[in-house]
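Coordinate analysis (summary)
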Amino acid sequence: CERSPVPDDESFRTTDPPAGGYCCPGPSGAPVAQPLPRPIPNGSTPWYVGLIALTMIPGISAIIASLVMIGMGLSQRKDVEPARTNALKAVNWGLTYMLATVVLLAIQFYILSGIQYSTDPLIGTALFLWLLISLFHVIYCPVAGKRAAKGRRVGFCGIPFLRTR
């Protein structure tokens, strides 16, 4: 796409094609629409949807966020690298977070169901551990998503249920 020389009085304008998929002027002088290229997959989406855990009822939304992370990550198994690795690491973290949520909340409800009144400090331990893991999840998901969006591999993935090549 060749451009006409820029006059001196318009030297402040850029010579790059305008944003929005338009290229050089066509025969009539109007910009010609060009199709925008499909973005290169990077595996960041499953990490960002992990923030669903911030919505609804705390335990239920954590399980829903994990299931969505797992589903979206598994749908990107056939993508190019590093999208495949980042998506599978999101699946592994989703499985780890769901397992921790179910186990720790089940322990907490079991402890609370058998106790009428107690001052035992261990009563809230399972709930406290789950809150710590949830805090880590809410902080780490955007960090991992940003790292994946830049095209780099995500480091931490929880328990490696699925292998990343």
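First, a word on what this report is: a plain description of the structure on this page.

**Observations concerning a nonpolar patch on the surface**
Judged by side-chain polarity, Leu99, Val103, Ile107, Ile159, Phe161 and Leu162 come together as a nonpolar surface patch covering roughly 460 Å² of accessible area. With respect to the helices, strands and loops of the structure, Ile107 is situated in helix H3 (residues 83–113). In this structure Ile107 comes out as partly exposed when scored by relative accessible area, which is 36%.

**Thoughts on the packing of helix H2 (residues 58–75) against helix H4 (residues 125–149)**
H4 packs onto H2 with a crossing angle of 45 degrees between their chain directions and a minimal axis gap of 12 Å. If you check the angle between H2 and H4, you find them oblique. Our pair here, H2 against H4, has a crossing hand that is left-handed. On the side of H2, the interface is formed by Pro58, Gly59, Ala62 and Met69, while H4 contributes Trp130, His137 and Cys141.

**Here we look at the packing of aromatic side chains**
Counting across every chain of the model gives 7 aromatic pairs. Note on Trp93 and Phe136: the rings are 5.5 Å apart at their centroids and 75 degrees apart in plane angle, and the pair reads as edge-to-face. Here Phe136 lies in helix H4 and Trp93 lies in helix H3, a separation of 43 residues in the sequence. Its relative accessible area of 4% is what places Trp93 among the buried residues. By the ring-pair criterion, three or more aromatic residues cluster together here, those being Trp47, Trp93, Tyr97, Phe136, Tyr140 and Phe156.

**Overview of the pattern of salt bridges**
If you walk through the whole model with that rule in mind, you get 2 salt bridges. Of the charged contacts, one joins Glu81 and Arg84 as a salt bridge, the two residues approaching to 2.8 Å between their closest N and O atoms. On the basis of relative accessible area, Glu81 is assigned to the partly exposed category, the value being 30%. For Glu81, the salt bridge goes to Arg153, with nearest N and O atoms at 3.3 Å. Here Glu81 is found in the loop between H2 and H3, whereas its partner Arg153 is found in the segment after H4, with 72 residues between them in sequence. Through salt bridges with shared partners, a single network forms among Glu81, Arg84 and Arg153.

**As for H4**
The end-to-end C-alpha distance of H4 is 36 Å, a good match for the 36 Å that 25 residues give at a rise of 1.5 Å each. In H4, a bend of some 25 degrees at Tyr140 exceeds every other bend along the element, and Pro142, a proline, comes one to four places later. By the burial criterion, the buried members of H4 are Ala126, Trp130, Ser134, His137, Tyr140, Cys141, Ala144, Gly145 and Ala148. On its buried side, H4 packs onto helix H1 (45–48), H2 and H3.

**A look at the nonpolar core**
Counting residues in each nonpolar core, the largest one holds 18 residues, and the members touching the most others are Trp47, Met69, Trp93, Tyr97, Trp130 and Val154. Of all elements in the fold, only H2, H3 and H4 reach the threshold of two or more residues within this core. Looking at this core element by element, the count peaks at 6 residues for H4. The residues touching Trp47, leaving out its near neighbours within four places in the chain, are Met69, Asn86, Lys89, Ala90, Trp93, Tyr140, Cys141, Ala144, Gly145, Val154 and Phe156.

**Some remarks on the environment of Ala83**
The topology assignment puts Ala83 in helix H3. As a C-alpha pair, Ala83 and Gly73 span 10 residues in sequence and 9.3 Å in three-dimensional space. Not counting residues within four places of it along the chain, the set of residues in contact with Ala83 comprises Pro41, Asn42, Gly43 and Gln76.

**Focus on the packing of H3 against H4**
Put simply, H3 and H4 touch, their axes get as near as 9 Å, and they point 165 degrees apart. By the angle between their directions, the pair H3 and H4 is classed as roughly antiparallel. Considering the relative orientation of H3 and H4, their crossing is left-handed. Here Asn86, Trp93, Tyr97, Ala100, Thr101, Leu104, Leu105, Ile107 and Gln108 of H3 lie close against H4, whose contacting residues are Thr125, Ala126, Leu127, Leu129, Trp130, Ile133, Ser134, Phe136, His137, Cys141 and Ala148. Among the residues making up the contact of H3 with H4, the classes are represented as 14 nonpolar, 6 polar and no charged.

Thresholds applied
Residues numbered from 1 in each chain as written. Predicted model: local features only at pLDDT ≥ 70, side-chain atom pairs only at ≥ 80, totals over all residues. Heavy atoms only, no water. Patch = residues over 30% accessible without salt bridge, like charges linked within 9 Å, V, L, I, M, F, W, Y side chains within 5 Å. Areas by Shrake-Rupley, 256 points an atom, 1.4 Å probe, with all protein chains shown as cover. Salt bridge = Lys/Arg side-chain N within 4 Å of Asp/Glu carboxyl O. Helix = DSSP H or I, 4+ residues; strand = E, 2+ residues; numbered from the N terminus. Buried < 20%, exposed > 50% of the residue type's maximum accessible area, 1.4 Å probe, protein only. Axes fitted to C-alpha atoms, helices over the stretch in contact; angles between N-to-C directions. Parallel < 35°, antiparallel > 145°, perpendicular 65-115°, else oblique. Left-handed = near helix turned anticlockwise from the far one by under 90°. Contact = heavy atoms within 4.5 Å. Phe/Tyr/Trp six-rings, centres within 6.5 Å; stacked < 30°, edge-to-face > 60°. Expected span 1.5 Å × (residues − 1). Bend = angle between axes of the 7 residues up to and from the residue. Core = buried A, V, L, I, M, F, W, Y, C linked by side-chain atoms within 4.5 Å. Nonpolar A, V, L, I, M, F, W, Y, C, P; charged D, E, K, R; others polar.

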